[in-house]
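In case you want the letters, here they are:
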Amino acid sequence: MTGGTPPGSDPFPVDLAARLVAAIAGRGPAYVPRTHHLDDHGRPHFTNRLALESSPYLLQHAHNPVNWFPWGDEAFAEARRLGRPVFLSIGYSTCHWCHVMEAESFEDAAIATFINRHYVAIKVDREERPDIDAVYMSAVQQLTGSGGWPMSVWLTPAREPFFAGTYFPPRDGVRGASRGFLSLLTALSDTFHRDPDRVSKASEALVHAVRQQMQGDHLPGNASETRELPARALIDASVDHFKRSFDRVHGGLARAPKFPSHVPVRLLLRHHHRTGDGAALQMASLTLEKMAAGGLYDQLGGGFHRYSTDAQWLVPHFEKMLYDNALLLVAYAEAFQVTGRADFARVARETCDYVLREMTDSGGAFYSATDADSEGEEGRFFVWTEDEIRRELSALGERETTSLFLDHYDVRAAGNWEGRTILNVPRPDESAWAALAGARKRLYEARARRVPPLRDDKILTAWNGLMISGLAVAGRILDQPRYVAAATRAAEFVLARLRDADGRLQRSFKDGRARQAAFLDDHAFLAAGLIDLYEATFDARWLAEALALGLETERLFADPAGGWFMTGGEHETLIAREKPAYDGAEPSGTSVALMNALRLGVFTDDDHWRQVAEGGLRAHARVLSERPVAMTEALLALDFLADKPREIAIVWPDGSADAAAPLLAVLRRTYLPSRALAAGPESAIEALGKIVPFIGGKVAQAGRPTAYVCRRGRCELPVTDAAALEAQLLGHVS
């Protein structure tokens with residue numbers, strides 16, 4: 001059932017054809033080829049090299065009539081042999097417009113035949129190869145002023161881009177396009193062969209621009225003078241910027257589309273904590289409230305969709321990403337600490353439950369994403385008609401419940417999106433939410449019988465690190481041990497299974513195999529997750545592992561001039577080597593590594609880590625000074641550095657961990673953004689003190705659990721009473 005060679009391509013070598021047969025056979029009898037090109041028995045007409053890959057995104061394209069290659073030397077050698085340009089397509093498995101371009105162009109036999117006869121075509125999963133994605137996204141941005149996916153890039157056989165864009169309609173006139181994809185392919189192939197000097201000049205200029213954007217001051221010959229540390233005033237200026245652009249009705253920025261990351265909620269919470277600025281807290285709270293009340297939030301299953309297409313948070317792009325939910329977990333949990341709002345705690349719990357129920361591998365690690373589409377329609381799985389809801393809820397025999405549900409979740413006969421209803425909550429009411437638990441359960445069970453969206457079940461180290469943080473922080477703050485236990489299982493999985501034979505961390509895990517050397521964000525996000533897991537469990541193993549990852553980050557990625565590169569020496573050399581300097585939907589590896597260094601410095605009392613962080617901040621001083629809103633996660637590190645972090649130790653007599661619960665409860669409910677928490681029984685303190693000097697020598701006074709609060713060598717009196725500890729913590733706000 002492998003299918004034949006794609007149209008317009010030479011027959012595959014015998015050994016390649018045999019490997020393709022074996023790969024498809026290995027997927028078992030339940031394997032369903034994802035293509036429109038099937039024979040009467042459901043067998044694919046075509047198969048390409050992507051069938052040998054493990055990435056769900058690449059496998060989606062394994063039976064396109066396009067003769068796709070995975071990224072690698074083989075593809076570029078073929079381009080050189082044939083004297084052809086390369087067409088590079090980058091996307092990810094849950095990208096709606098990637099699916100659209102596939103259906104319109106890559107499944108079109110005529111377009112595929114033209115590509116196969118005039119190009120070497122390469123597919124890349126951006127989630128597995130963020131280094132490739134970053135380089136060529138820079139090219140797209142240089143040419144178009146914006147970016148996105150699917151990414152479409154035309155390259156020379158030397159891997160240098162000479163033209164780039166994103167989605168292209170298949171033919172002239174489709175979706176109002178003056179020039180469609182096929183015309184563009186034709187023109188650029190003709191230019192490549194007819195006017196090579198023009199192509200060479202275009203690629204040379206574009207490569208230079210990419211290097212300038214990605215490396216800037218760090219290019220050879222561009223070394224700048226030693227920069228001063230960025231000032232904390234940049235945080236105040238950034239908050240003022242968000243105040244001016246804030247949507248005071250719906251939260252978030254006053255624009256559409258709206259992404260959760262557009263307003264840095266955690267930065268606003270820290271600014272409020274330090275300055276008492278009520279407007280900053282109001283902005284954070286309103287944004288969280290409106291996101292959770294809108295269609296962006298899955299009102300039945302929990303968890304957030306990727307972004308809202310409108311200004312009201314009503315109509316989402318329906319894919320769900322692990323990283324979004326991980327980051328929002330921390331934001332809602334911290335906002336609960338600050339405000340005590342029950343709805344924020346509920347949203348955090350529901351999101352945790354969604355992840356454990358729907359996004360967790362049997363080994364304990366977390367899957368990457370779920371698609372927006374099912375049954376060929378975007379959002380079909382999540383939306384309802386009023387009749388569907390009435391029919392399902394009628395089984396409960398409670399007419400009042402049905403009426404309350406329709407009112408609470410804004411269900412209308414005409415719908416609010418394409419004739420159907422996206423559930424949302426115009427008037428949040430926690431008592432109404434509680435009363436509708438049975439109705440939600442009934443509808444969730446009914447929804448589960450629908451055809452679900454595709455789930456991308458690859459396991460990424462970086463995103464698992466973010467979710468380990470999310471579950472550890474939420475579990476600690478909400479006093480939910482099962483969330484902490486889930487974070488622990490994931491950490492054990494990643495540390496054990498995402499390694500190569502030499503013990504080096506890997507990026508991705510799929511089909512029982514780890515692959516691709518890990519990048520900066522993998523190391524940084526995982527280290528951050530392990531620090532958070534230590535503070536949730538006080539198991540010294542996690543802090544030791546975080547420290548080892550921190551050292552590995554320095555060895556592999558550090559620039560002697562300060563900061564970090566995305567790639568290390570063992571990674572492929574691309575046309576540019578990025579020093580990440582932008583916090584988008586995900587924080588940059590730079591920003592998280594900065595915070596890791598500062599936190600490890602407080603734990604270990606090793607000044608090396610402060611120097612590492614300061615070097616990183618100086619390396620990005622220009623970006624932080626000129627565009628601080630581009631690195632809002634780095635501003636969290638700047639705030640931490642400018643503060644005097646608390647060193648909080650709790651020691652209890654052996655066998656008396658339960659007696660320490662009142663002191664630990666104070667830490668759970670108290671918002672302490674700049675801190676290091678360490679704790680343990682007296683018998684463990686000597687060993688722990690070798691890693692965490694500030695707990696060394698501490699004892700449980702008078703046989704009672706005892707808390708110690710210090711700041712840079714200045715300590716308060718030890719306390720054994722929870723109220724006294726709370727008074728010490730609340731009395732120190734800088």
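*Asks:* Tell me what's going on with the state of the cysteines, and back it up with residues and numbers.
*Replies:* A full pass over the atoms with the stated rule returns two disulfides. The disulfide that involves Cys95 links it to Cys98, with 2.4 Å between the sulfurs. Every disulfide takes its handedness from the sign of the S-S torsion; for Cys95 and Cys98 that torsion is 80 degrees, giving right-handed. A disulfide bridge connects Cys710 with Cys715, and the sulfur atoms are separated by 2.0 Å. Because the torsion about its S-S bond is 105 degrees, the bridge between Cys710 and Cys715 counts as right-handed.

*Asks:* Describe in detail empty space enclosed by the protein, supporting the description with residues and values.
*Replies:* Scanning all chains against the criterion turns up seven cavities of 30 Å³ or more. For the largest cavity, the calculated volume is near 490 Å³. Considering the residues around the largest cavity, the lining is formed by 31 residues, among which Arg266, Val330, Asp532, Met595 and Arg599 are closest to the centre. Every element with two or more residues in the lining of the largest cavity is listed here: α10 (265–275), α12 (322–339), α18 (461–478), α20 (520–537), α22 (589–604), α25 (632–642) and β17 (675–681).

*Asks:* Account for the packing of aromatic side chains, with residues named and values stated.
*Replies:* Considering all chains together, one arrives at 28 aromatic pairs under this definition. For the ring pair Trp71 and Phe76, a centre distance of 4.9 Å and an interplane angle of 75 degrees mean the geometry is edge-to-face. Since its relative accessible area comes to 0%, Phe76 is described here as buried. Plain terms: the ring middles of Trp154 and Phe168 are 5.9 Å apart, the flat faces sit at 70 degrees to each other, and that makes the pair edge-to-face.

*Asks:* Tell me about the environment of Ala597, residues and numbers included.
*Replies:* With respect to the element layout, Ala597 can be found in helix α22. For Ala597 and Val612, which are 15 residues apart along the polypeptide, the C-alpha to C-alpha distance reads 6.6 Å. Filtering out sequence-adjacent residues up to four positions away, Ala597 remains in contact with Trp609, Val612 and Ala613.

*Asks:* Would you mind going over the sheet that holds strand β9 (residues 369–370) in detail, with residue names and values included?
*Replies:* In space, the three strands of this open sheet follow the order β8-β9-β12, with antiparallel pairing throughout. Single-partner strands in this sheet number two, and they are β8 (320–321) and β12 (455–456). Taken together, the two bridges between β8 and β9 define a ladder with antiparallel strand orientation. Its bridge partner lying in β9, Met321 is registered against Ala369.

*Asks:* Could you give an account of the layout of surface pockets, with specific residues and numbers?
*Replies:* Put simply, the second largest pocket is a space of about 850 Å³. Considering the residues around the second largest pocket, the lining is formed by 27 residues, among which Val32, Arg34, Gln60, Asp371 and Leu454 are closest to the centre. Of all the elements in the fold, those that place two or more residues in the lining of the second largest pocket are α2 (56–60), α4 (96–106) and β10 (373–374). Taken together, the residues of the lining of the second largest pocket break down into 10 nonpolar, six polar and 11 charged.

*Asks:* Could you give me a rundown of the sheet that holds β17, with the residues and numbers involved?
*Replies:* If you walk across this open sheet you meet the four strands as β17-β16-β18-β19, and the pairing is mixed. Of all the strands in the sheet, just β17 and β19 (714–715) have a single pairing partner and so form its edges. Sheet topology places strand β16 (residues 646–652) next to strand β18 (residues 706–711); five bridges connect them, and they run antiparallel. Following the sheet pairing, Val651 is matched in β18 by Thr706.

*Asks:* Quick one: what's the story with the nonpolar core, residue by residue and with numbers?
*Replies:* Trp154, Phe181, Tyr332 and Leu471 are the most contacted members of the largest nonpolar core, which totals 178 residues. Among the elements that make up this core, the one with the highest residue count is α18 (11 residues). If you look at the next biggest cluster of nonpolar residues, it comprises 31 residues, including Trp71, Val86, Tyr136 and Met151.

*Asks:* Let's hear about the pattern of salt bridges: which residues, and what values?
*Replies:* Tallied over the entire structure, the rule returns 60 salt bridges. For Glu74, the salt bridge is made with Arg49, and the minimal N-O distance between the two is 3.2 Å. Residue Glu74 is found in helix α3 (residues 73–82), and its partner Arg49 is found in the loop between α1 (14–25) and α2; the two are separated by 25 residues along the sequence. Glu74 gets classed as partly exposed once you look at its relative accessible area, which sits at 48%. Assessed through its relative accessible area of 10%, Arg49 is described here as buried. Salt-bridge contacts for Glu445 lead to Lys441; the nearest nitrogen and oxygen are separated by 2.7 Å. In this pair, Glu445 and Lys441 are both assigned in helix α17 (residues 437–448), four residues apart and thus about one turn of the helix distant. On the accessibility criterion, Glu445 (36% relative accessible area) is partly exposed.

The rules behind each value
Residues numbered from 1 in each chain as written. Predicted model: local features only at pLDDT ≥ 70, side-chain atom pairs only at ≥ 80, totals over all residues. Heavy atoms only, no water. Disulfide = S-S within 2.5 Å. 1 Å grid on protein atoms, 1.4 Å probe; cavity = no way out; pocket = protein on both sides within 12 Å on 5 of 7 lines; lining within 4 Å. Points joined across faces, edges and corners; volume = space filled by probe spheres on them. Helix = DSSP H or I, 4+ residues; strand = E, 2+ residues; numbered from the N terminus. Phe/Tyr/Trp six-rings, centres within 6.5 Å; stacked < 30°, edge-to-face > 60°. Buried < 20%, exposed > 50% of the residue type's maximum accessible area, 1.4 Å probe, protein only. Contact = heavy atoms within 4.5 Å. Pairing = 2+ DSSP bridges. Nonpolar A, V, L, I, M, F, W, Y, C, P; charged D, E, K, R; others polar. Core = buried A, V, L, I, M, F, W, Y, C linked by side-chain atoms within 4.5 Å. Salt bridge = Lys/Arg side-chain N within 4 Å of Asp/Glu carboxyl O.

Note that all results are geometric; they support no functional claim without further evidence.
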